[in-house]
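Residues per chain, in single letters:
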Amino acid sequence: MPNQAAYDALPEESQRKVVACTLPFFYWSTTIWLGFFIVGFSFETTAALVVAAVLANIAEGALAIRFLFLKAPRKVREFQEAGQDRSG
């Protein structure tokens, strides 16, 4: 996640835009875990559940890295720089 102090220093509209750029993470996360439960109920074998759980966790981790650790901090920096350009 972005630096909390830097995020708090942004105007409210910019904070909303940063939050909006992280929403796809939560939508895709829900889709991934819904797929896991569908596989779990469709194939009642332990192997299918283990494979589905491993794949879901890998996908979840990749999404977290992309949206929460790369995209959100980049947006905070962009808004900070834009604010500094306007004031400077």
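None of the values given here were measured: they were computed from a predicted structure. (Residues numbered from 1 in each chain as written. Predicted model: local features only at pLDDT ≥ 70, side-chain atom pairs only at ≥ 80, totals over all residues. Heavy atoms only, no water.)

A. Focus on the nonpolar core. Of all hydrophobic cores here, the largest spans 9 residues; its members are Phe25, Ile32, Phe36, Ala52, Ala56, Leu63, Ala64, Phe67 and Leu68. Of all the secondary structure elements, the ones that give two or more residues to this core are helix H2 (12–42) and helix H3 (46–87). In terms of residue count, H3 provides more of this core than any other element does, 6 residues in total. In terms of nonpolar packing, the next biggest core, distinct from the first, is built from 8 residues, Val18, Cys21, Val76 and Phe79 among them. (Core = buried A, V, L, I, M, F, W, Y, C linked by side-chain atoms within 4.5 Å. Buried < 20%, exposed > 50% of the residue type's maximum accessible area, 1.4 Å probe, protein only. Helix = DSSP H or I, 4+ residues; strand = E, 2+ residues; numbered from the N terminus.)

B. Structural view of the confidence of the model for the chain. Summary statistics for the chain give a mean pLDDT of 86 and a share of 95% for residues scoring 70 or more. Across the chain, the secondary-structure element scoring lowest on mean pLDDT is helix H1 (residues 4–9), at 85, and the one scoring highest is H2, at 89. (pLDDT = per-residue confidence, 0-100.)

C. Expanded view of the packing of aromatic side chains. Under the criterion given, the structure shown has 3 aromatic pairs. Centre to centre, the rings of Phe25 and Phe26 are 4.9 Å apart; their planes meet at 75 degrees, and the pair counts as edge-to-face. The buried category is assigned to Phe25, whose relative accessible area is 7%. Phe26 gets classed as partly exposed once you look at its relative accessible area, which sits at 42%. Ring centres of Phe36 and Phe37 lie 5.2 Å apart, and the angle between their planes is 70 degrees; on these two criteria the pair is classed as edge-to-face. By relative accessible area, Phe37 is classed as partly exposed at 46%. The cationic tip of Arg66 hangs over the ring face of Phe67; the distance from NZ or CZ to the ring centre is 5.2 Å. (Phe/Tyr/Trp six-rings, centres within 6.5 Å; stacked < 30°, edge-to-face > 60°. Lys NZ or Arg CZ within 6 Å of the ring centre and 35° of its normal.)

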